[in-house]
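Inside the fold
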Amino acid sequence: MMKSRRLTLVGRIVLWNLFLIILTGVFLLVSLNVFVQIMLPAVQVKPNDILLPQDQEVIVPTIEVNQIDQEGMLISDVSFSSELIAFKGQVLLFSLICLLIMIILGGVGAFYLSKRSLWPVRLLSERLKKINANDLSVQLPVKELPNDELKELTESFNTMLKKLEHAFQQQERFMANAAHEFRTPLTILKTNLEVLRSDPSASLEDYQQLSDIFEKTLKRMNHMVNELLVLAKNNDPDKDVIEVGSLIRKVVSELNDLASTETISIETHIHPDVKIYGNDTLIQRAISNLVENAIMYNKPQGKVIITCTSQEGECFISIMDTGDGIDEKHIPFIFEPFYRTSEGRTKNKAGTGLGLSITLSIIKKHEGTIEYSREQRTKGFIVRLPVID
């Protein structure tokens, strides 16, 4: 079944302009002829007493009487006369010729202006054909376009392309990092199993040791899967009033043993009566992730400084540490799932690389923000959440 062909945009614009020209021309033609008809001169005939010879035949035109004025003169319309009829015919013919010329010139002008006005669209179309999923770095020309709505549309499209490129790159990094994180425990399982199978004298103790390795590795993989499920949830959590100070103290209490093991001291500066509206479990998990990272990636004998204040309708939670911090080149990617620096993989082998991603997701669900901050002696994260008035 053949599809019906539609006119191009240029064709539709030309036809629409021609329609307007014809409509305008017809209006002018009718108006001109009506105007001529109205403005034709009237003929006044006065009665007189001139007597004509009886044998002389006089041809007198028939006059249609319209009215008689006060002086007794007959005021008559003479539009029937051959001269005026010919004049009106000439006016009508001239009007039709002008209308035809107007249509021809208008059509040519409309076509030229349409092609001229739509050349940026053709330029954009050619550039768009070069864009594909493997190369989204192509930017549409902006400087070459006139400063109008089309330029604004092009700039918006370029912004969308940048976002798509960032999303594709983020997806590629996620797949690579996820593959790395899952490949490591699978490799451990496979290697230990092959070693045990190749040993004909393997004892029950060897199998027990292999079982312990399998259990530990599978727990780590299960933990990663659960973390991904938490990250994938988009539903709004149940919320209630949270006293931030007590929540931070609870987190510190739970992580004191880890801090002692890593020889890290935790210092808190909490402003009283700072309350937010949120999910207690999720907020506690977000803060716990940040504090745990500050402990694990700190220097020996280092310090973690937690500050909680309320300013201008926002709750500021600052979690800083005395470690080396994150290299500048890694900062744009630290909230991506499974993204970890080589130093991070060395210092925290039990980590999954999902902690900051989950923290960011939780903070966003509570209409807050989180950012990495570097000060003179400390580095860490600052969380902003709306407080309850």
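Whatever comes next refers back to the structure up there.
Let me begin by describing the structure that accompanies this report. Quick caveat, the model's predicted, so the values are computed rather than measured.

All right, on to the packing of helix α7 (residues 280–296) against helix α9 (residues 355–365) then. Between two packed helices, the angle of one axis relative to the other and the distance separating the axes together describe the packing. Contact pair α7 / α9: the axes reach a minimum separation of 9 Å and the direction vectors enclose 145 degrees. In the crossing of α7 with α9, the sense of the turn from one axis to the other is left-handed. Contacts from Leu282, Ile283, Arg285, Ala286, Asn289, Leu290 and Asn293 in α7 reach Gly355, Leu356, Ile358, Thr359, Ile362 and Ile363 in α9. Its residues assigned to classes, the contact of α7 with α9 shows eight nonpolar, four polar and one charged.

With that settled, consider the sheet that holds strand β5 (residues 265–270). What the five strands build is an open sheet, ordered β5-β7-β8-β10-β9; its pairing is mixed. In this open sheet, the two strands that pair with only one neighbour each are β5 and β9 (369–374). Between one strand axis and the next, the sheet turns through 15 degrees on average, direction left out of account. Across the sheet, helix α6 (residues 244–261) is in contact with β5, β7 (303–311) and β8 (314–321); its angle to β5 comes to roughly 175 degrees. This element, α7, spans β5, β7, β8, β9 and β10 (379–386) of the sheet and lies at about 25 degrees to β8.

In this section: the pattern of salt bridges. The tally for this structure, following the rule as stated, stands at five salt bridges. For Asp324, the salt bridge goes to Lys299, with nearest N and O atoms at 3.4 Å. Of this pair, Asp324 sits in the loop between β8 and α8 (342–347) while Lys299 is found in the loop between α7 and β7, placing the two residues 25 residues apart along the sequence. Judged by its relative accessible area of 44%, Asp324 falls in the partly exposed class. When the shortest N-O distance is used, the salt bridge between Arg384 and Glu371 registers 2.7 Å. Within this pair, whereas Arg384 is found in strand β10, its partner Glu371 is found in strand β9, the two being separated by 13 residues in sequence. Residue Glu371 is classed as partly exposed on the basis of its relative accessible area of 35%.

So, about the pairing of β7. Inspection of the sheet shows β5 paired to β7 by six bridges, in the parallel sense. Of the residues in β7, the one forming a bridge with Thr268 is Ile306. Pairing analysis gives eight bridges linking β7 to β8, with the strands arranged antiparallel. Directly across from Cys308, in β8, lies its bridge partner Ile317. Linkage of β7 to β8, two consecutive antiparallel strands, is achieved through a turn of two residues, within which Glu312 is found at a positive phi near 50 degrees.

Thresholds, definitions, all that
- Residues numbered from 1 in each chain as written.
- Predicted model: local features only at pLDDT ≥ 70, side-chain atom pairs only at ≥ 80, totals over all residues.
- Heavy atoms only, no water.
- Axes fitted to C-alpha atoms, helices over the stretch in contact; angles between N-to-C directions.
- Helix = DSSP H or I, 4+ residues; strand = E, 2+ residues; numbered from the N terminus.
- Left-handed = near helix turned anticlockwise from the far one by under 90°.
- Contact = heavy atoms within 4.5 Å.
- Nonpolar A, V, L, I, M, F, W, Y, C, P; charged D, E, K, R; others polar.
- Pairing = 2+ DSSP bridges.
- Salt bridge = Lys/Arg side-chain N within 4 Å of Asp/Glu carboxyl O.
- Buried < 20%, exposed > 50% of the residue type's maximum accessible area, 1.4 Å probe, protein only.

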